[in-house]
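# Observations on the three-dimensional arrangement
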Amino acid sequence: MSSRYNHSPNVLVTLSNRYRHNSWNTLSRRYHSTVGITSIARASAATPRLIAAATREVAAADRFGTVTAAIYQIVGAVGALGVVAASKLTFDALLQPESARFGLTVSLLALAFMTALTGSVGALQTQQHRLLGERVSQRVWDRVLDTTARADLVTYESAGFATSLERVQQNALTRPFAVTTALLGLTGSLLGVVTMSAVLIGVEPLLVPILLAAGLPAVLLARWASRTEFAFAHRLTPLFRRRNYLRQLLTQRPYAAELRAFHSTKPLRERHRELNAGINVQLRQQVRRRQLIAGLTTIGVALSLTAALLAIIGLVRSGRIDLPAAGAAAIAVRLLSSQLGTLFTSIGGLLESAPFLADLERFVASAPPSPATGEKRPLRQGIVLRDISFRYPEQDRPAVDAVDIEIGAGEVVALVGENGSGKTTLAKIVAGLYDPDLGTRRWDGADAPPADIRASVTVIFQDFVRYQMTLRDNITISDGDRPGDEESVHDAARRAGVLGVTRELPHGLDTMLGRDLDEGSDLSGGQWQRVALARALYRDTSLVVLDEPAAALDPRAEHELFADVRAMLGGRAALLISHRFSSTRMADRIYVLDAGRVVECGTHDELMVGAGQYAELYRLQSAAYR
Ligand SMILES: Nc1ncnc2c1ncn2[C@@H]1O[C@H](COP(=O)(O)OP(=O)(O)OP(=O)(O)O)[C@@H](O)[C@H]1O
């Protein structure tokens, strides 16, 4: 098979050769290099690039919102500077009223105004971050959904892809918000650090390096946190997947009846509890690691703050600065320290998110760059598959092995065989959903791209989807490009025998079906199956593949369907898969599959004459009805 995922359980590993060298990826590798002095230098060199990449992401999501947030940051920084200046004025008015430029009342009013300004800007910022975080999250989700839409079926079904998708889903929701918050925190605190440093340099330049010294260990600790967090997410994703699956089983409607009938809620809850316990053990270890890192960071910041305050006391004692200047310096030191705290936390947040975002980039790169759109082709002669083989990833033997089949234009061809003989797999190859590893698939005598085959063949699987939408949507969703004119919807419904159902529904074609989302009208299994058939016929392709189209139909409905299947198909060719031999005996040709190989082929009468597998299975089934 041409798919690059065929023999690899992990899409990301397979894709490492095609690894796209973008900023997130480059940065992620940087942050996973060895710890040491050189890595500090690398981290500091990479941080501006990381910030630039994050800024691009956030700005691409919402340019206006980003500018607004930046304005709030600037106003916040100016406000903080104003608080220090007003404090200095207040100290001057209080301690040296004779030489003060303003009186106590004016100074206090200025202090109150500046404090109110910084406070209210803080509240505005919080709401703006929320808005921006949501926009970034939406953009990331769009990219995830684009990727899943582009991924071919084999990729989609591989365990590696599913695990990557789960991990990306878990983080796509939270990380972009964390990056946005970190980025905005970083710009705001950077402004704050610059302004407060300018104030302190005016008092005593030595105070600035004392406070900045806390930064180096803080950044290193943040890198450590980033590594442990990514490794933790990698370890836990399989557990989260299993737990999510159990939660679906335990909460979703399709499973409710069987779970109650088997009293299986209790054992499933027990498994859920065991998974929770396993997750809790790992989470506790991770939380302890993070607490240690946070504790060490706080100690570093507290030490530098104490050192700066001691330095101020020393300056006052030695008479190098007066008391009002010392008071303003103490406030500036306190503000600078908290701005530095925000700065380091923000850098830490960005560092922590970088590997997750690189993971997202790898995931996005794992699907083909653009969705292949095919062209619908009429079937004039037929589709011919020669010497076709297909093996699923990680499987020892091929599911389809050197198969030859053909379906002529307008023909009804049946595939029969025991469970696991490869019928559905072969149907997916016919429909262009899987590419064969070996062999040829020719459409009207010529090779056709898989996308064209997919556009020209309609498939309804045994586990068809029951869309929780209106009946009309359930029919027309198979051909979104076509305007759903009343006549074609009606025609598909009539051919599939849905008109009787439509008449009974309160709003006809516009009745909501299913009860998962709204209080819609639910249908019986057989009625749903007819709706799925109408969906296949609405798409109007020259070839339809029907996998067990009558599995849920009652004997009368099944008889009606197959008695005049050609009229129902309206000239379309069909590949019919069924375990009910009564349904397939009218086919122009029947292929019998066994362990992935075609072992017999012919009309019903021809196959009954040769006493092979078909004749044996047919007699077994008809004996049951005698
Ligand atoms: N997604 C998959 N990944 C790996 N193996 C698969 C996958 N789907 C099917 N198989 C395997 O391929 C073989 C053929 O399966 P297939 O579903 O094509 O059989 P089938 O004839 O349609 O069976 P049934 O009559 O039960 O529907 C089986 O051995 C099955 O286990």
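Values in this document were obtained by computation on a predicted structure and should not be read as measured data.

Thresholds applied
- Counting starts from 1 at the beginning of each chain's written sequence and moves along it residue by residue.
- Two thresholds apply to this predicted model, a pLDDT of at least 70 for residue-level local features and 80 or more for giving and counting side-chain atom pairs, whereas whole-chain, interface and lining totals are computed over all residues.
- The basis for every side-chain value is the complete set of non-hydrogen atoms in the structure, without hydrogens or water.
- Note on conventions: DSSP H or I runs of at least 4 residues are helices, E runs of at least 2 residues are strands, and numbering of each starts at the N terminus.
- Categorising residues by exposure relies on relative accessible area from a 1.4 Å probe, with only protein chains included: less than 20% of the type maximum marks a residue as buried, more than 50% marks it as exposed, and the intermediate range marks it as partly exposed.
- Every residue pair with non-hydrogen atoms within 4.5 Å of one another is taken to be in contact.
- Only the protein chains shown count as covering a residue, and every accessible area follows the Shrake-Rupley method with a 1.4 Å probe.
- UniProt positions are given in the numbering used here, feature names are shortened, and annotations may be inferred rather than shown by experiment.
- To obtain each axis, a line is fitted to C-alpha atoms, and for helices this fit is confined to the stretch in contact; angles are then taken between N-to-C directions over 0 to 180 degrees.
- The scheme is simple: roughly parallel for angles under 35 degrees, roughly antiparallel for over 145, roughly perpendicular for 65 to 115, oblique for anything else.
- By convention, the crossing between two helices is left-handed when the near helix turns anticlockwise from the far helix through less than a right angle, and right-handed when the turn is clockwise.
- Following the grouping adopted for this structure description, the nonpolar residues are Ala, Val, Leu, Ile, Met, Phe, Trp, Tyr, Cys and Pro, the charged ones are Asp, Glu, Lys and Arg, and the polar ones are all others, Gly among them.
- Here, patches come from residues exposed beyond 30% relative accessible area and free of salt bridges, joined within 9 Å for like charges and within 5 Å for nonpolar side chains (Val, Leu, Ile, Met, Phe, Trp, Tyr).
- By definition, a salt bridge exists where a carboxyl oxygen of Asp or Glu is found within 4 Å of a side-chain nitrogen of Lys or Arg.
- The pLDDT score gives, residue by residue, the confidence of the prediction method on a 0 to 100 scale.
- Cavities and pockets are found on a 1 Å grid laid over the protein atoms alone: a cavity is a set of points where a 1.4 Å probe fits but cannot escape, a pocket is an open set with protein on both sides within 12 Å along at least five of seven lines, and a lining residue has an atom within 4 Å of such a point.
- Grid points are joined across faces, edges and corners, and a volume is the space filled by probe spheres set on the points.

### Focus: the overall build of the protein chain
Secondary structure summary: the protein chain contains 23 helices and ten strands in total. When burial is assessed residue by residue, the protein chain has 48% of its 626 residues classed as buried. Look at the contacts in the protein chain between residues 6 or more apart in sequence, and 75% of them connect residues 24 or more apart. Carbon and sulfur atoms form 58% of the exposed surface of the protein chain, whose accessible area is close to 30300 Å².

### Here's the deal with the UniProt feature "transmembrane region" (unreviewed entry) in the protein chain
Following the UniProt record, the feature "transmembrane region" (unreviewed entry) maps to residues 70-90, 102-124, 177-200, 206-225 and 292-316 here. The distance from the first to the last C-alpha atom of residues 70-90 is 30 Å, and the span holds 100% helix and 0% strand. As annotated, residues 292-316 comprises 100% helix and 0% strand, and the C-alpha atoms at either end are separated by 36 Å.

### Some words on the packing of helix α5 (residues 104-150) against helix α12 (residues 323-365)
Where α5 contacts α12, the two axes come as close as 9 Å, and the packing angle between them is 30 degrees. For the element pair α5 / α12, the angle class is roughly parallel. Every pair of crossing elements has a handedness; the one defined by α5 and α12 is left-handed. Here Val 140, Arg 143, Val 144, Thr 147, Thr 148 and Arg 150 of α5 come into contact with α12, specifically with Leu 360, Glu 361, Phe 363 and Val 364. For the contact of α5 with α12, the per-class residue count stands at five nonpolar, two polar and three charged.

### Looking at a nonpolar patch on the surface
A cluster of nonpolar residues, Leu 94, Leu 95, Leu 104, Leu 108 and Leu 323, forms a patch on the protein surface that exposes about 460 Å² of accessible area. Those elements giving two or more residues to the nonpolar patch turn out to be α4 (63-95) and α5. Along the polypeptide, Leu 94 turns up in helix α4.

### With respect to the confidence of the model for the protein chain
Detailed reading of the predicted coordinates is not advisable wherever pLDDT falls low. Model confidence for the protein chain is summarised by a mean pLDDT of 81, while 89% of its residues fall at 70 or above. Taken together, the stretch residues 1-41 has pLDDT below 50 and engages in 108 contacts with residues farther than four places along the chain or on a different chain.

### Details of the layout of surface pockets
Put simply, the second largest pocket is a space of about 390 Å³. Every residue lining the second largest pocket is counted, 20 residues in all, and those nearest its centre are Arg 290, Phe 344, Thr 345, Gly 348 and Gly 349. Among the secondary structure elements, those contributing two or more residues to the lining of the second largest pocket are α7 (159-203), α9 (215-251), α11 (265-317) and α12. Ranked by residues supplied to the lining of the second largest pocket, first place goes to α12 with eight residues.

### Here's the deal with the side chain of His 272
Checked against the element boundaries, His 272 lands in helix α11. Contacts of His 272, omitting those with residues within four sequence positions, involve Arg 243, Leu 246 and Arg 247.

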